[in-house]
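Descriptive analysis of the structure
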Amino acid sequence: MVPALVLWLAVCLSGTWAVDRGNFKTCDQSAFCKRQRALKPGQSPYRALLETMELTNTRLTLQLINDNNKVRLLLELYRLQGNMTRVKINELKPLKPRFEVPDVLIQEPPTEPLSLLSKDENGVVLSLGAESQRVIVSAQPFRLDIMEGHEVLMSLNSRGLLAFEHLRMRKDTQADPEAEKKEEADPANQAEEQTAKDDEEKVEDGMWEETFKSHSDSKPNGPSSISLDFSLPGVEHVYGIPEHADTLKLKTTDGGEPYRLYNLDVFQYELYNPMALYGAVPVMLAHNAQRTTGIFWLNAAETWVDISSNTAGKTVFGKMLDYVQGSSETPQTDVRWISESGIIDVFIMLGPTPYDVFSQYASLTGTQAFPPLAGLAYHQCRWNYNDQEDVQSVDVGFDQHDIPYDFIWLDIEHTDGKRYFTWDPHKFATPKDMLEALMVKKRKMVAIVDPHIKVDSNYKIHNEIRSRGFYVKNKDGGDYEGWCWPGNAGYPDFTNPEMRSWWASMFAYDQYEGSMKNLYTWNDMNEPSVFNGPEVTMHKDAMHGAWENRDVHNLYGFYVQMATAEGLIQRSGGVERPFVLTRAFFAGSQRYGAVWTGDNAAEWEHLKISIPMCLSLGLVGISLCGADVGGFFKTPSSELLVRWYQTGAYQPFFRAHAHLDTPRREPWLFGPENTALIREVVRQRYALLPYWYQLFHHAYHTGHPVMRPLWVEYPQDSATFAMDNQFLIGRDLLVHPVTEEGARGVTAYLPGKGEVWFDVHTFQKHNGAQNLYIPVTMSSIPVFQRGGSIIPRKVRVRRSSSCMENDPYTLYVALGPQRAAEGELYIDDSHTFNFEKKEFIHRRLSFANNILSSINLAPDAQYSTQSWIERILILGASKPSKVTLKTSDGQERQVEFEFDSSMSVLTLRKPGMNAGADWTVALQ
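Focus: the packing of aromatic side chains
Tallying each qualifying case throughout the model produces 45 aromatic pairs. Plain terms: the ring middles of Trp-423 and Phe-428 are 6.4 Å apart, the flat faces sit at 45° to each other, and that makes the pair tilted. Across the pair, Phe-428 and Trp-423 agree in class, each one buried. For the ring pair Phe-507 and Tyr-512, a centre distance of 6.3 Å and an interplane angle of 70° mean the geometry is edge-to-face. For Phe-507, a relative accessible area of 0% gives the class buried. In this structure Tyr-512 comes out as buried when scored by relative accessible area, which is 2%. Connected via pairs of aromatic rings, a cluster forms that spans Phe-421, Trp-423, Phe-428, Phe-494, Trp-503, Phe-507, Tyr-512 and Tyr-556. Its end group placed over the ring of Phe-370, Arg-577 keeps NZ or CZ at 4.3 Å from the ring centre.

Description of the sheet that holds strand E14 (residues 237-240)
By definition, the strands of a sheet pair up through backbone hydrogen bonds, in either a parallel or an antiparallel sense. Strand order across the open sheet formed by eight strands is E1-E2-E3-E4-E20-E17-E16-E14, with antiparallel pairing between neighbours. Each having just a single partner strand, strand E1 (46-55) and E14 make up the two edges of the open sheet. Taken over all neighbouring pairs, the strand axes of this sheet differ in orientation by 20° on average, direction set aside. Here helix H6 (residues 354-365) sits on the sheet in contact with strand E3 (72-80), strand E4 (84-91), strand E16 (283-287), strand E17 (292-297) and strand E20 (344-349), set at roughly 25° to E17.

Considerations on empty space enclosed by the protein
Rolled over the atoms, a probe sized like a water molecule indicates the empty space that remains. On inspection of all chains with the given rule, the structure shows eleven cavities of 30 Å³ or more. Reported here for the second largest cavity is a volume of approximately 130 Å³. If you trace the second largest cavity, you find 13 residues lining it, with Lys-25, Phe-212, Asp-217, Pro-534 and Lys-540 closest to the centre. Broken down by secondary-structure element, the contributors of at least two residues to the lining of the second largest cavity are strand E11 (210-212) and strand E12 (215-217). Classifying every residue of the lining of the second largest cavity by side-chain character gives three nonpolar, four polar and six charged.

A short note on the pairing of strand E50 (residues 896-900)
With five bridges joining them, E50 and strand E51 (residues 905-909) adopt antiparallel strand pairing. If you follow Glu-896 over to E51, its bridge partner there is Arg-909.

Focus on the nonpolar core
For soluble globular proteins, nonpolar side chains are generally found buried alongside one another. If you look at the biggest cluster of nonpolar residues, it comprises 180 residues, and the most contacted ones within it are Phe-296, Trp-503, Leu-555, Tyr-645, Tyr-650 and Ile-729. Each residue touching Tyr-650, except ones within four places of it in the same chain, is listed here: Val-681, Gln-684, Arg-685, Leu-688, Trp-692, Phe-727, Ile-729, Val-735, Ile-781 and Val-783. The next biggest cluster of nonpolar side chains, apart from the first, holds 50 residues, and it includes Leu-60, Leu-156, Ala-280 and Trp-297.

Some remarks on the environment of Pro-97
Examined against the element boundaries, Pro-97 turns out to sit in the loop between E4 and strand E5 (115-120). Judged by relative accessible area, which is 62%, Pro-97 ranks as exposed. Separated by 245 residues in the primary sequence, Pro-97 and Gly-342 have C-alpha atoms spaced 9.1 Å apart.

Section: the packing of helix H10 (residues 497-505) against helix H12 (residues 556-571)
At a closest axis distance of 7 Å, the pairing of H10 and H12 adopts a crossing angle of 45°. Comparing the axis directions of H10 and H12 gives the class oblique. Taken as a pair, H10 and H12 cross one another with a handedness that is right-handed. For the pair H10 and H12, contact is made by Arg-500, Trp-503, Ala-504 and Ser-505 and by Tyr-559, Val-560, Met-562, Ala-563, Thr-564, Glu-566, Gly-567 and Gln-570, respectively. In the contact of H10 with H12, the residues fall into six nonpolar, four polar and two charged.

Re the packing of helix H13 (residues 604-619) against helix H14 (residues 638-648)
Put simply, H13 and H14 touch, their axes get as near as 10 Å, and they point 5° apart. Taken together, the axes of H13 and H14 lie roughly parallel to each other. Counted together, Trp-604, His-606, Leu-607, Ser-610 and Ile-611 of H13 and Glu-639, Leu-640, Arg-643, Trp-644 and Thr-647 of H14 form the full contact between these two elements. For the contact of H13 with H14, the residue count by class is five nonpolar, three polar and two charged.

Considerations on the layout of surface pockets
By volume, the second largest pocket amounts to about 690 Å³. If you trace the second largest pocket, you find 37 residues lining it, with Ser-802, Glu-805, Asp-829, Ser-830 and His-831 closest to the centre. It is helix H16 (residues 689-702) that provides the largest number of residues to the lining of the second largest pocket, a total of three residues. Residues that form the lining of the second largest pocket fall into these classes: 16 nonpolar, ten polar and eleven charged.

Some thoughts on helix H9 (residues 460-468)
Restricting attention to buried positions, one finds in H9 the residues Ile-461, His-462 and Ile-465. End-on view of H9: buried residues confined to an arc of 95°, all on one side of the axis. Next to the buried residues of H9 lie strand E24 (453-454) and H10. Looking at the residues trailing H9, positive phi occurs at Gly-469, about 70°.

Regarding helix H8 (residues 431-440)
Residues of H8 that are buried include every one of Pro-431, Met-434, Leu-435 and Leu-438, and no others. Each buried residue of H8 sits inside an arc of 95° when the element is viewed along its axis, so together they form one side. In this fold, the buried residues of H8 make contact with helix H7 (388-400), strand E22 (407-410), strand E23 (444-448) and strand E27 (519-523). Looking one or two residues past H8, Lys-442 carries a phi angle of roughly 60°, positive in sign.

Some thoughts on the state of the cysteines
For the structure on display, the rule yields two disulfides. The residue that forms a disulfide with Cys-27 is Cys-33, at a sulfur-sulfur distance of 2.0 Å. Disulfide Cys-27 to Cys-33: torsion about the S-S bond roughly -100°, handedness left-handed. Comparing Cys-27 with Cys-33, the two get one shared label, buried. Linked covalently through their sulfurs, Cys-614 and Cys-625 form a disulfide whose S-S length is 2.1 Å. In this structure the cystine formed by Cys-614 and Cys-625 twists about its S-S bond by roughly -75°; its chirality is therefore left-handed. In this pair, Cys-614 sits in helix H13 while Cys-625 sits in strand E32 (residues 625-626), placing the two residues eleven residues apart along the sequence. Residue Cys-614 shares its accessibility class with Cys-625, and that shared class is buried. Across the protein, the disulfide pattern expressed with sequentially numbered bonded cysteines is 1-2, 3-4.

A closer look at the confidence of the model for the protein
Counting all residues, the mean pLDDT for the protein is 94, and 93% of those residues have values of 70 or more. For the stretch residues 179-185, pLDDT sits under 50, and the model shows six contacts to residues farther than four places along the chain or on other chains. Throughout residues 315-325 the model reports pLDDT below 50, and contacts reaching past four residues in sequence, or to other chains, amount to six contacts.

As for the side chain of Ser-127
As for its position among the elements, Ser-127 is in strand E6 (residues 123-127). Residue class for Ser-127 comes out buried when judged on its relative accessible area of 14%. Residues in contact with Ser-127, not counting those within four places in the same chain, are Leu-114, Ser-115, Leu-117, Gln-133 and Arg-134.

Structural notes on the pattern of salt bridges
Evaluation of the coordinates by the stated rule reveals 57 salt bridges. Notably, a salt bridge pairs Arg-500 with Asp-103, separated by 4.0 Å at the nearest N-O pair. Taken together, the residues Arg-500 in helix H10 and Asp-103 in the loop between E4 and E5 connect sequence positions 397 residues apart. Taking relative accessible area as the criterion, Asp-103 reaches 35% and is therefore assigned partly exposed. When the shortest N-O distance is used, the salt bridge between Glu-822 and Arg-844 registers 3.4 Å.

Cut-offs applied
- Residues numbered from 1 in each chain as written.
- Predicted model: local features only at pLDDT ≥ 70, side-chain atom pairs only at ≥ 80, totals over all residues.
- Heavy atoms only, no water.
- Phe/Tyr/Trp six-rings, centres within 6.5 Å; stacked < 30°, edge-to-face > 60°.
- Buried < 20%, exposed > 50% of the residue type's maximum accessible area, 1.4 Å probe, protein only.
- Lys NZ or Arg CZ within 6 Å of the ring centre and 35° of its normal.
- Pairing = 2+ DSSP bridges.
- Helix = DSSP H or I, 4+ residues; strand = E, 2+ residues; numbered from the N terminus.
- Axes fitted to C-alpha atoms, helices over the stretch in contact; angles between N-to-C directions.
- Contact = heavy atoms within 4.5 Å.
- 1 Å grid on protein atoms, 1.4 Å probe; cavity = no way out; pocket = protein on both sides within 12 Å on 5 of 7 lines; lining within 4 Å.
- Points joined across faces, edges and corners; volume = space filled by probe spheres on them.
- Nonpolar A, V, L, I, M, F, W, Y, C, P; charged D, E, K, R; others polar.
- Core = buried A, V, L, I, M, F, W, Y, C linked by side-chain atoms within 4.5 Å.
- Parallel < 35°, antiparallel > 145°, perpendicular 65-115°, else oblique.
- Left-handed = near helix turned anticlockwise from the far one by under 90°.
- Arc of directions from axis to C-beta.
- Disulfide = S-S within 2.5 Å.
- pLDDT = per-residue confidence, 0-100.
- Salt bridge = Lys/Arg side-chain N within 4 Å of Asp/Glu carboxyl O.

So this is what it looks like as structure tokens:
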């Protein structure tokens, strides 16, 4: 036990300083990245063999040949429904199958017909259907151009950086006799294979084995990396490829490190650099004032992304000079993807609008899981609440200080010796009593369940996994073991569907002793984290069934969350929606729950970076994102803590969390003045829960981000393109958090020429298309409602969201320049899948011609609510002589009102109609 304790202390202490970057590779230390990056543009050896072209109704296939080594590749091109193109490139006859990512796509994407427009010795032109779109395949060197009219939307291999390291036999070892027999049996291969052997690339360091620090990677399959470049004419702004602690707009990487996508456990990460973090979503969006496009690189291996731009480094003056002098240079961004293994499988999403790209990506990988309403409320966490009495004390503290919360969380110390699915027999001896006490108050708990399993013959979970052969194996076939929180640990092979099914079964109430329906789950350390592994993760030559960890690495956390979410659904008989938080993620993880930004620090810069980090995740489908409020490491000042609560309350996932070694920081521990400030902003969050819930319902159906950059709604306003210190919630709330220490004012940009925005606190009206200076105090949270919108709130805030279920609504109607407004109201039972059985209320709220109406958007749905409309505020109104309510049964009556002429706010008091009914309110 002593070595484990020493290791544990070392890990903990490592968190008290910034990350040790020496624990993580640079591109130069990653052999395949270094080899690929050494290739020079403009020297492509690849040629399209047009005589091999085959065109069916839905697919073009074509062989490519590398003229240096004569190895042939197979190109497949598909036109997909929804204005997308798919390009796959694999070896024509690989030595063994190469990995292709399963389970991420929700279905095989439906195709549309391709048609041949022209063909000659130089290439092929195919029609992509809509709006004169076509793809041009150039033969030598091989290149793809996707065009619309005379405009090139995107080019592939235009810089000649396609590189495909084919699988081969190692020259300096015994040849595989089985492979030789196969080769001899297929004479069609012999000429080209022999040429390939004769012209084999020289063996470089790291091709067949690689060492990093004390760790060796055996690389039994040799070099297998792939690369492809994409050129984006007219584009200066690209976004996405999370997770990185960096700006929203991706930076050029010329002369520096590429962005890295490789799920890693990084303690107290550095900011503003392209290091890999906990999750990897290989999706990039490109935007200019005319168009938005996207690239989805479906590969789960370690991936590096280089970005270069011909406008990088130019000053504003230089760009103006280009304009004045009539420079013909079109801005262009070039992107290069490099992955260690697998195949090239890329989806090109052609927009043209931002929302088209979101829908296109959602059609491939699915939409954000619709969380239970409580998941959008406030979560209280630390590592760790000490025991059941501590949990009860914190719970009571929230009531004593009149601060609502929905979830209290338990970290690893709640278990019996870091054995997941168990409880410490002394500190949490009667977990059901604890959960029942929370349930009485309509509150819930989250307990951590990590995927490192203590190797202990007295531990049921370990024994089951070992006996079923479900652990990841090492290269020699034994169970892979590494160090993590329990000490020596095994790692279940979540790529195995049988393992996932078994894991899901462990959440059943009769398996997970002490669990109840108000206990939910947190998956941490699922990169996976291996304290004594290379880069604090699993060895690449570990085996998941037939595949190396090298091939599947970035999928591990995706599969852990998938299996856990399925377990929570199964335990309820398929009735209840799960809530599962994950640290590691991949494309498609949005289908299974929430993510957070990992082990941040109590520093102002970490507060600021939470905004672009969550915005980037939203752009690639993961809307339910948040950062640890207050910072995980270190101790926040009271000012920083209050400002973080004010920011977190307007981000999708709202959880406070803190490291084991930090002083306690429950919201009432910083003096009555700060307690009042935190109470107020948490209550603001609860009042807005109807709006948040409606937005997540919309995200579930469309894939549109909930928290979004301004350019998404104002795609032609270049002032918004690099903006990441403010954001929109939906399209109707604009938030500019205060993230500077000692700030006395902020300058918010209010977009939209001809639009108006209302301060949600003062109701003051401001014109759009301006920078607005806002003086701030510690109570200030600059938030604006868009003129032309209607937002429902519940202003009677209680101790949890479930306690507010039948409470009334207040409608905030913000009139636009045309004195009109629209919004929605969505209501269901807030926690089951019954909404899929048409058990919900969905209404359109509309104000036009001085009439406010509620119209049923789902006449075939059936649901009833006890909630009513208690109050209506109309911002930017004129004083009426009378207000008349007409209900669906034909009754009419007068409604009391007040008018504040100084702010032009009309308040209708106690109109009293049911929130699910048809009604109209006429101002006369």
